[in-house]
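Geometric and topological summary
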Amino acid sequence: MTVYFIGAGPGAADLITVRGLKLIERCPTCLFAGSLVPTEIVEAAPEGALVKDTAPMNLDEIIEDMKSAHERGEDVARVHSGDPSIYGAVAEQMRRLDDLAIPYEVVPGVPAFAGAAAKLQTELTLPEIAQTIIITRTSGKASSMPEHETLEILGQSRATLAIHLSIRNLKYVEETLTPYYGADCPVIIAYRATWPDEKFITTTLKDMRADVRAEKITRTALIFVGKVFGQKQFRDSELYSADFAHVLRNKGKKKKRQAAEAE
């Protein structure tokens with residue numbers, strides 16, 4: 001048997017990968033993070049499958065269910081939200097499975113920041129504006145941040161920031177980033193992006209706390225910070241420039257064709 005750690009995507013049920021859905025459809029055991037994984041996804045489990053919400057369970061209990069499935073010779077669909085590689089709490093599960101010699105595989109999913117950017121119809125990297133995306137968070141109850149990864153350090157990059165798990169730390173985010181990004185820097189608060197009740201707040205560093213308070217958002221939100229948002233004045237990429245040649249498009253051939261058409 002194999003335990004499959006499956007990324008269910010950011011929320012919309014049809015954003016799960018084909019591979020992930022096919023595994024759920026055939027695995028006799030399905031353990032899913034119920035607070036963030038849509039029920040429509042796990043409803044695809046086969047008839048008679050053990051389908052269990054792990055939100056109220058601790059790590060020992062989750063591993064015990066995997067161990068029981070291993071003893072029965074049953075594959076397990078372990079369904080997480082977003083992509084398992086980002087704040088998925090899968091590393092400790094894999095470590096336990098290694099100790100038990102239980103095989104596992106990882107199936108990637110659409111991460112929350114990508115799902116939110118798609119709904120916003122925005123690119124997170126623009127020529128000469130930002131070419132770097134930093135996915136981070138701030139210290140919270142679950143865990144603190146390494147001292148070399150604080151916003152005081154990351155903010156110096158002035159890159160596009162996708163800040164997770166920090167909607168209750170907006171005062172810290174504002175005060176720390178304002179010296180680097182400016183008080184008027186665009187901010188977008190993405191609440192449950194791609195879910196039916198999604199909400200987006202377009203604001204600035206100086207106004208975001210008041211705007212979020214007015215909307216009464218206290219959890220399940222991603223904070224985007226960066227000059228790319230709403231930006232219209234940027235240079236076109238060279239990628240599709242008529243004067244830019246690469247292995248799949250020869251600039252010389254294009255000019256010859258244009259000359260022939262002119263004749």
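First things first, this report covers the structure right here in the doc. (Residues numbered from 1 in each chain as written. Predicted model: local features only at pLDDT ≥ 70, side-chain atom pairs only at ≥ 80, totals over all residues. Heavy atoms only, no water.)

Soluble, globular proteins show a tendency: their nonpolar side chains are buried together. Formed by 23 residues in total, the largest nonpolar core has its most connected members in Ile163, Ile167, Leu177, Ile189, Leu205, Ile223 and Val225. Put simply, the parts of the chain that give this core at least two residues each are helix H6 (151-154), strand E7 (160-164), helix H7 (170-181), strand E8 (186-191), helix H8 (208-215) and strand E10 (221-225). A total of four residues in this core trace back to one element, the largest contributor, which is H7. When neighbours within four sequence positions are excluded, isoleucine 167 is seen to be in contact with Ile189, Val212, Ile217, Thr218, Arg219, Ala221 and Ile223. Among the nonpolar cores identified, the runner-up in size contains 17 residues, and Tyr4, Val37, Ala45 and Ala77 belong to it. (Core = buried A, V, L, I, M, F, W, Y, C linked by side-chain atoms within 4.5 Å. Buried < 20%, exposed > 50% of the residue type's maximum accessible area, 1.4 Å probe, protein only. Helix = DSSP H or I, 4+ residues; strand = E, 2+ residues; numbered from the N terminus. Contact = heavy atoms within 4.5 Å.)

Attention shifts here to the packing of aromatic side chains. Think of a pair of aromatic rings as described by two things: how far the centres are apart, and how the planes are tilted against each other in angle. Counted under the stated rule, the structure contains two aromatic pairs. Centroid distance phenylalanine 5 to tyrosine 104: 6.0 Å. Interplanar angle 80 degrees. Geometry classified as edge-to-face. Placement of the pair is phenylalanine 5 in strand E1 (residues 3-7) and tyrosine 104 in strand E5 (residues 104-107), with a sequence separation of 99 residues. For the ring pair phenylalanine 224 and phenylalanine 229, a centre distance of 5.3 Å and an interplane angle of 40 degrees mean the geometry is tilted. Its relative accessible area of 0% is what places phenylalanine 224 among the buried residues. We note arginine 192 situated over the ring of tryptophan 195; from NZ or CZ to the ring centre the distance is 4.1 Å. (Phe/Tyr/Trp six-rings, centres within 6.5 Å; stacked < 30°, edge-to-face > 60°. Lys NZ or Arg CZ within 6 Å of the ring centre and 35° of its normal.)

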